[in-house]
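Below are the chains, spelled out letter by letter.
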Amino acid sequence: MQFAPHTEDDVREMLDLLGLSSMDELFSHLPADVRLERALDVPPGRSEMELLGDLGRLARRNRHADELVCFMGGGAYDHYVPAVVWALAGRSELQTSYTPYQPELSQGILQAMFEYQSMICELTGLEVSNASLYDGATALVEAVNLARGATGRDRVLVAGTVDPRYVEALETYGRGGGYGPEVLPMECGVVRAPDVGDDVACLVVQHPNVFGALEPIRELFDAARDGGARAIQVFDPLSLGVLAPPGEVGADIAVGEGQVLGNHLNFGGPYLGVIAARMRDVRRLPGRIAGETVDVDGEVGYVLTLQAREQHIRREKATSNICTNQTLIAVAASVYLAWLGPDGLRQLGEACAAKAAYAAQRLTEVPGVSLTFEGGPFFKEFALSFDRPAGEVQAALVERGFLVGPVMGESLLVACTERRTRDEIDALGEAMKEALG
Amino acid sequence: MQFAPHTEDDVREMLDLLGLSSMDELFSHLPADVRLERALDVPPGRSEMELLGDLGRLARRNRHADELVCFMGGGAYDHYVPAVVWALAGRSELQTSYTPYQPELSQGILQAMFEYQSMICELTGLEVSNASLYDGATALVEAVNLARGATGRDRVLVAGTVDPRYVEALETYGRGGGYGPEVLPMECGVVRAPDVGDDVACLVVQHPNVFGALEPIRELFDAARDGGARAIQVFDPLSLGVLAPPGEVGADIAVGEGQVLGNHLNFGGPYLGVIAARMRDVRRLPGRIAGETVDVDGEVGYVLTLQAREQHIRREKATSNICTNQTLIAVAASVYLAWLGPDGLRQLGEACAAKAAYAAQRLTEVPGVSLTFEGGPFFKEFALSFDRPAGEVQAALVERGFLVGPVMGESLLVACTERRTRDEIDALGEAMKEALG
Amino acid sequence: MTAGGRSQIGAPVRVSDPALPKTLDALSRPGRRAYDLPALDVPEGTIPEEHRRAQAPRLPEVGERDLVRHFTRLAQRNFGVDTGFYPLGSCSMKYNPKVADAAAAMAGFFRLHPLQPESTVQGALELLWLFERAVCEITGMARATFQPAAGASGELTGLLLMRAYHERQGDPRRRIVIPDSAHGTNPASVTMAGYDVAEVPSDARGLVDLSALQKLVDSDVAGLMITNPNTLGLFEEEIRELARTIHEVGGLLYYDGANLNAILGRVRPGDMGFDIVHMNTHKTFATPHGGGGPGAGPVAVTERVVPFLPKPLVERAADGRFFWDHDRPESIGRIHGFHGNFAVLVRAYAYVFGLGGDGLREVGERAVLNARYLAERIRSQYPLAYPGPPMHEFVATAKPLRRHGIRAMDVAKRIIDLGFYPSTVYFPLIVEEALMVEPTETESKETLDAFADAMLQAAREAREDPHVLHEAPVTTPVRRLDEARAARQLKLRW
Amino acid sequence: MTAGGRSQIGAPVRVSDPALPKTLDALSRPGRRAYDLPALDVPEGTIPEEHRRAQAPRLPEVGERDLVRHFTRLAQRNFGVDTGFYPLGSCSMKYNPKVADAAAAMAGFFRLHPLQPESTVQGALELLWLFERAVCEITGMARATFQPAAGASGELTGLLLMRAYHERQGDPRRRIVIPDSAHGTNPASVTMAGYDVAEVPSDARGLVDLSALQKLVDSDVAGLMITNPNTLGLFEEEIRELARTIHEVGGLLYYDGANLNAILGRVRPGDMGFDIVHMNTHKTFATPHGGGGPGAGPVAVTERVVPFLPKPLVERAADGRFFWDHDRPESIGRIHGFHGNFAVLVRAYAYVFGLGGDGLREVGERAVLNARYLAERIRSQYPLAYPGPPMHEFVATAKPLRRHGIRAMDVAKRIIDLGFYPSTVYFPLIVEEALMVEPTETESKETLDAFADAMLQAAREAREDPHVLHEAPVTTPVRRLDEARAARQLKLRW
Ligand SMILES: Cc1ncc(COP(=O)(O)O)c(C=O)c1O
Ligand SMILES: Cc1ncc(COP(=O)(O)O)c(C=O)c1O
């Protein structure tokens, strides 16, 4: 392949204007001792048809979610992506544009950002959002930074039922931020309200939690509020047609993984970091924010606003270093949320909950299978325990055509989206019976 | 699914304005004895995700050309379709528009038609083309109608080496046109120049012919010209980087199957009926023709022109009944032809010819395999004979992962596009050896 | 809203490189290229000199980026259903569901060669088999062919079927009756089928004049070809009598399905007495029209016409296997090079099976409701050509504006500036200053109201400021184009 | 070309329904819907009342057609590389090959769950493994991580790696040196990594002031963070001395890869002495930027930094199987929730392996040629901020136009009316009235000439008719927007 349009004539004419006689002269001022005097050891170029052939062979070495029935969870879910979502978000004027530095030429992206922010606020019951962060885990990191900055406090309390990858991310970024997340003990699948001292910046709770279970969320956040800490909820956007929104259960900041909002599984990315907060924290929010305004003729238009928070203005004092974010994924999320609307959101949530409940009941009928945490309410995901290592069960299920997991210690997570049918759930039950038999 | 946006309020308000109280009243003036008093016996509607599930199951019951290596020919070929072609032709402003009756709102389609016509003229060495016909076979039918009208003569001579489906189409449409194609005998894979009497409207020759062989095309068309008949060539657009164009070998009218021009195999359609002719016949051409003109301010623009030929004006005296054609496929062909350019066209033609030559040699090394027609030159396709029914061989090859064919009588056609690799050809040879062993 | 670029509500951004040429040919530079092919991995071929091309064709030499910007620009200079309201009468420009495109994009469909052995295309054959059952149920027919690539091709197919039918009866006939309101493809198809046109007038109601028809028909009439609702958007209430009249002389009834949308699930051509029906999938079944095509024109017929259908047909064997049945001795033969526009049929299948029986009926209802409502909203200024209640579309006339020197075309051009695709104009031919409006069921009341307001505004302007209409359009990439010049000084290529 | 709508060469058609609302919220109608879900096939679930949502969120209620027209309209109000020339400095807005999108659209890639068992994702792991080898070869590094979702994330990752490295040496340090010309993400990342910024000035050549650096560095300096060519588009010719200076005090060198395009295949960061490198795939490797993202910011490092890379890394077992290696005791941990922006990496893979080694080198050459040529074409009116020969981009200044009351932003806005996306303005901060222009290698000489002519026209107008520049833009959907008001009267949602 080659996409440079230069003809030999072009090159000659351009070099002539520069008074040069060869391409090499463009680089002649570079010190000799840093120049690569050999060709790059990257395989020779491929034609488009060869390249797609190579990639097709790699792709076929994977067993994807149309070949295996996907009951996997753990932060990414096989929800259905309507055809209209990427037919629109994929339009090339949007896909091939840069961050809207010249708003007059980027009203499309800017309005889409504004509408996305609006829908995220409606969804979470909070007051302000932004144009996206990298993903759910880094959104949590940013939320913690915000809380520490806003409270001037140090300690970061994290429920023991928060996704371990999110905790791992906090530990990693904490090396720079100068904090270490303190993990609260879990008791039968949920956590108890901790005492929140005046040195606690925030309390982080995932609800539904990593096992899909519903936490005593209001109590937990009451404790945070009473202690003067920011209450941070890690939420599942598609739970909010059914579950009380973060703003209502007392969250000050809500962060979540937006993959479920019309975005494909994509082996983990690009996903969507969703964040929403209260107005008092708006000037501490990370990332781009679109705002509505008017032009010189009074016509309504949209711009990037509150940029004084950002790295290109505030540099080392910026609220975050984020520059490139996940805007296009946020645009897709907007199409998806508007496709669902309030009724669709509720119906979809009910469907997930109903199928998960049915699956839990159906699967625990299989001898040797039990719920890791009996009794507590859950949303679309739950943990199973077996009379043998969960990894073995997972492998046996793959052989029978099912993707289930991830494995969490002794347990295996099972997630049900609106996409899973009763027949598939029953078939999974049969497969488990075989696998354990 | 349901795409009507009416809310209950909308329906009520609209009925109110009409002074009606129910939807049924919209149909109350229809005679009772023609009304369907039961529900249609079509399965209940499916949600989008269910529907794509159903269709996916049907699709997986097919073994397509990415699963089996495709050496099939017979009028449709597995040429490579560059990603850019449908990324552009598929843009929704083009795809969801109608025939450009209001040129001011359809300059995109109209200019694309104009550019397509221009490239077809360049390709064929002829003077005028149109915005497309249904496919290669029906393009031939239209060409014959044109020739009969232009010459005022009746008889239609067709080389015995023209694709039998095209001949079948001529027979079918001839029932209405009032003619029956007269098929000239084939001699070792090609035809001899017939005597063309003054009652002959046209001589139809396919070159390369249905067996991929090159006809003594100039002689044949000399005979046609000398007899005052129109010389009609059925051509392969992708042969014209290598082979002398119809205009040069004496064709008055050239028709071809444009599927090869950036269009997918699509199980036979939509394909593209390509036609080109000489200026003297322009007023007898069928279908839409785009022309360049200027607007009231002198700005260049494009319109549908010479409409006096067409059914909506000329009605029963029209040159053809065609209305909806294959415009979008022609747009894709434009992208593809411009992607190839003159050099790409030649390189691609050379590659097809070289691979076919190699394949013929390689495959005839297999015991029990011989060329049906020894010796004569061919382009990208050739016929093989075996010591057993060709159908058996074809079936055995499918089992070994190869699509070869179609079967023509005792022979099996083998086609090579630029896409087929030496390894694939060698593997086909091995497979044939096994199949015949 | 003014003619000014930016102050147009919703104006898109301007496409770039204004200084660069605007045709592929002018963009071409020797040696520039987009193509990219593998190196040859076999020996050079040996095409004899005498067969070789001497001089390369003058195709554009451009880069892939040139191509992308060029066609992106062309697309943005084109108006589609995805851009806005497109009430083109007789064309059923309804929303084209994206799910149908997703279906057609499955490799298991678009990567199939038409001549693959049956064992390798069972899913495709099953899809056609299922879809044939559905279209037969919808039309009230026995069997169907999917070969016709569009409505006109369906017409010709149907007429050739009539011919074969009559010849089989040993009584070839010469004439086909069509109403004076018929679409141009009808008479054109009649001629191509080798028949003569006998035109029956419309009566004061805009319906086929029954008594005129009775006078017209005799044993030389092969059949009657009409659409119902007719091209005036009116239901032929005497359809049973029309059918009887034709059947009594041994003729057949052909149903032009262009207007099938109006009666989906309510009335079936078969139940009205039709013998042969075509459907326009790109109208009734929402497949995209692609700026002119491709479409598909399946033809369904009653039992007595089945033997003559084009071959092959898909059949299901006792063991459940699907196969192509070529063994049809009385078949008229082949209408298409292969099996018709399969990828279009996949989309139509998605539409029909996605909506289901009840959904289809609702489509018809809403289509009629929208047309009736819109007609009512504008009739004060644009009276209906005929009194009867319109179905899925209506034909109004701009005649009242004539005395202000305004023609239907002027109204259409002004509508463009007001942000909509105009209705069909000057068709059917029997209506002066015809405005043929088909909103379709997929448009909302808000859109209909906005369009009605625009139509009324245009009528007001016709009286108060006709100049605005004569000047229109002024907001488009080009303004009114010189069609006479285009036809006189033919420029049909670079 | 005027400000008038239609007379703009290449003006697109106007988007429809001007009378209809222009936001999703305003389009909403109670009861209207696009969604469509299967009927529930299991018993109702049982979410406890106290957990249930009381009141539904006010999401739009619209039809699918509403959605399609709304977002089609928004797209047409947006300018992308596919619409035109986009010489945004420091952003490498090159053509995004469509083949890369086709690769990412394979179900075998986009339908993979990130936590699938390794046995089911061997192809994906192999792709990452192969791509890691390629980026290491391109940068001259030992190993790489693909977790960072963008360049800034790569920066922070790299700085956390430095921290881990120094802590491992038992000598945590406090300061990171960055040049005053650095991009804003650099200092911001330094802070997030828990370091203090030590700014080193640029000298008269626009290069890092070596002697100032030597004064600045001591054993408390953890590292130096620069890009080369630097943000002025100039190559840091003393890079080896800079490296030596830092290495002598035990610091590490971080390479900000935003400008890697300039030196592809010619110079490798590793060979210049860098220890840590990030790449912006959405710049150097042509992945689409999506109006802000997603991108990807792979980080590659030299041997001594490898132990600290985020986990897991892809490894290949003796039997050829690929697996995730989590057993990395010294790893800094996790930078992304999963494995980074995989679908973006697939596109970058297609670009790198499609071009191959020689192709990549050619990319760099042509990128530099285009920038040098364009700088030469306009320098008479827009002098270069520094004398040195620019590489893939150049920074000019609009200062000479100041005395006509024209600012860099005015030039940019006028360029919009002339049909191009403008260059970056006011960055780098050390240049007054900076115009930072990066044409990229995928633009043709014709485009560069057209843009140069437009820039020269703007300069002429600045002298003769500055009003035109102050008024600009006038051809866009909206004109200059009131940013002060936006920040004052915050309206950040419906
Ligand atoms: C009434 C009527 N009949 C026939 C046709 C021809 O159908 P097609 O364009 O699919 O060939 C049309 C198309 O506009 C039509 O409106
Ligand atoms: C010099 C430089 N460094 C860093 C960045 C940040 O990269 P990203 O936007 O991918 O986070 C940019 C992006 O503009 C840049 O130009």
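Let me sum up the structure you'll find in this document. These figures come from a predicted structure and were not determined experimentally.

### Here's the deal with helix H5 (residues 107-124) of chain B
Residue and element names in this part refer to chain B. End to end, H5 covers 26 Å across 18 residues, agreeing with the expected 26 Å (1.5 Å per residue, within 8%). Most of H5 is tucked away: 18 of the 18 residues are buried. Once H5 finishes, Gly-125 follows within two positions and takes phi at roughly 70°, a positive value.

### Describing the interface of chain C and chain B
The interface of chain C with chain B comprises 199 residues on the first partner and 190 residues on the second. Roughly 16,800 Å² is buried in total at the junction of chain C and chain B, and carbon and sulfur atoms are behind 63% of that figure. Per-residue buried area on chain C facing chain B is highest for C:Arg53, C:Arg111 and C:Leu492; these three make up 5% of the total on that side. Between the two partners, chain C and chain B, sit 14 salt bridges. Taking the shortest distance from any N to any O, the salt bridge between C:Arg493 and B:Glu122 comes out at 3.0 Å. Counting residues per element, the side of chain C that touches chain B draws most heavily on helix H11 (residues 342-378) of chain C, which supplies 29 residues. For the side of chain C that touches chain B, the per-class residue count stands at 103 nonpolar, 47 polar and 49 charged.

### Comments concerning the pattern of salt bridges
In the structure shown here, the tally under the stated rule is 160 salt bridges over all chains. Taking the shortest distance from any N to any O, the salt bridge between C:Arg65 and D:Glu443 comes out at 3.5 Å. One end of the pair, C:Arg65, is in helix H2 (residues 64-76); the other, D:Glu443, is in the loop between strand E12 (434-437) and helix H13 (445-464), on a second chain. D:Glu443 shares its class with C:Arg65; the two are buried. We note a salt bridge from D:Arg347 to D:Asp101, for which the minimum N-O separation is 2.8 Å. One end of the pair, D:Arg347, is in helix H11 (residues 342-378); the other, D:Asp101, is in helix H3 (residues 98-104), and 246 residues separate them in sequence. Accessibility expressed as a relative area gives 19% for D:Asp101, which makes it buried. Each of A:Asp66, A:Asp78, A:Arg419, A:Arg420, A:Glu424 and D:Arg111 takes part in a single network of salt bridges with overlapping partners.

### Quick notes on the site of ligand 1
The local shell around ligand 1 holds 15 residues, among which B:Thr324, C:Ser90, C:Asp256, C:His282 and C:Lys283 are the closest. This site is not confined to one chain, since residues near ligand 1 come from chains B and C. Between C:Ala152 and ligand 1, the recorded distance is 2.8 Å, taken from a backbone N or O atom to an oxygen atom. With respect to ligand 1, the side chain of C:Asp256 contributes an N or O atom lying 2.6 Å from a nitrogen atom. Here ligand 1, which alone exposes 390 Å², has 99% of that area covered by the protein.

### What about the sheet that holds strand E17 (residues 411-415) of chain B?
Residue and element names in this part refer to chain B. One open sheet accounts for four strands, arranged E13-E14-E17-E16; its pairing is antiparallel. Taken across any chain shown, the strands that pair with only one partner, and hence form the sheet edges, are strand E13 (369-371) and strand E16 (407-408). Looking at chain direction, E13 and strand E14 (residues 381-386) are connected through three bridges and run antiparallel. The residue of E14 that forms the bridge with Val-369 is Phe-386.

What counts and how
Residues numbered from 1 in each chain as written. Chains lettered and ligands numbered in written order. Predicted model: local features only at pLDDT ≥ 70, side-chain atom pairs only at ≥ 80, totals over all residues. Heavy atoms only, no water. Helix = DSSP H or I, 4+ residues; strand = E, 2+ residues; numbered from the N terminus. Expected span 1.5 Å × (residues − 1). Buried < 20%, exposed > 50% of the residue type's maximum accessible area, 1.4 Å probe, protein only. Contact = heavy atoms within 4.5 Å. Buried area = accessible area lost by both parts, 1.4 Å probe. Salt bridge = Lys/Arg side-chain N within 4 Å of Asp/Glu carboxyl O. Nonpolar A, V, L, I, M, F, W, Y, C, P; charged D, E, K, R; others polar. Near = heavy atom within 4 Å. Polar contact = N/O pair within 3.5 Å; in protein donor to acceptor, adjacent residues only side chain to side chain. Areas by Shrake-Rupley, 256 points an atom, 1.4 Å probe, with all protein chains shown as cover. Pairing = 2+ DSSP bridges.

Interpretation in functional terms is not warranted from these geometric data alone.
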